[in-house]
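Below, each chain spelled out in residue letters.
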Amino acid sequence: MTNQVGIDMNSDSENDELLQYNPNRLLDTLIENLRLKNDAALSRALEVAPPVISKIRHHRLPVGASLLIRMHEVSDLSIRDLRYLMGDRRAKFRISDKQFKPKDKDNTAGGAE
């Protein structure tokens, strides 16, 4: 099965370079598909500051959810395809069990009992 970008999503060979995290492949594919000249044009299309693209390219900033959604809106590529292009193969996203738990009443400050 191939995706919208023409990548065979069923090939999982160990030597496959697509298995490694590489946001440059994602950015380069977006530039090509949107027929842009460079990273500056991509930053304008995504409505982000140019240093954001540079930091992502140099592995100093991860591709966040909001930017991934913006890439989807601009390019019409599915989120799955965008994640695949950058090497993210997780089937599910895990949320820490510490998040979204109500705070203990014992830890709240103030209030006499």
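Preceding this paragraph is the structure being described.
Residues numbered from 1 in each chain as written. Predicted model: local features only at pLDDT ≥ 70, side-chain atom pairs only at ≥ 80, totals over all residues. Heavy atoms only, no water.

Student: How would you summarise helix α3 (residues 50–57) if you had to cite specific residues and measurements?
Tutor: Of the positions making up α3, those classed as buried are Ile53, Ile56 and Arg57. The buried residues of α3 occupy an angular sector of 100° when projected down its axis, which confines them to one face. With its phi angle positive at about 60°, His59 sits one or two positions after the end of α3. (Buried < 20%, exposed > 50% of the residue type's maximum accessible area, 1.4 Å probe, protein only. Helix = DSSP H or I, 4+ residues; strand = E, 2+ residues; numbered from the N terminus. Arc of directions from axis to C-beta.)

Student: I'd like to hear about helix α5 (residues 79–86), residue by residue, with values.
Tutor: Burial analysis of α5 places 6 of its 8 residues in the buried class, the great majority of the element. Every buried residue belonging to α5 is among Asp81, Leu82, Arg83, Tyr84, Leu85 and Met86, and all of these are buried. Residues of α5 that are buried in the fold lie against α1 (23–33) and α4 (65–75). Of the residues one or two after α5, Gly87 is the one with positive phi, at around 95°. (Contact = heavy atoms within 4.5 Å.)

Student: Residue-level account of the pattern of salt bridges, with values.
Tutor: All told, the structure shown has 5 salt bridges when counted by the stated rule. A salt bridge links Glu73 to Arg70; its shortest N-O distance comes to 3.3 Å. One end of the pair is Glu73 and the other is Arg70, both in helix α4 and 3 residues apart, which spans about a single turn. A relative accessible area of 48% places Glu73 in the partly exposed class. Here Arg70 falls in the partly exposed class, since its relative accessible area comes to 22%. Shared partners join several salt bridges into a network, and the residues in it are Asp28, Asp39 and Arg57. (Salt bridge = Lys/Arg side-chain N within 4 Å of Asp/Glu carboxyl O.)

The quantities given are spatial measurements derived from coordinates; they are silent on function.
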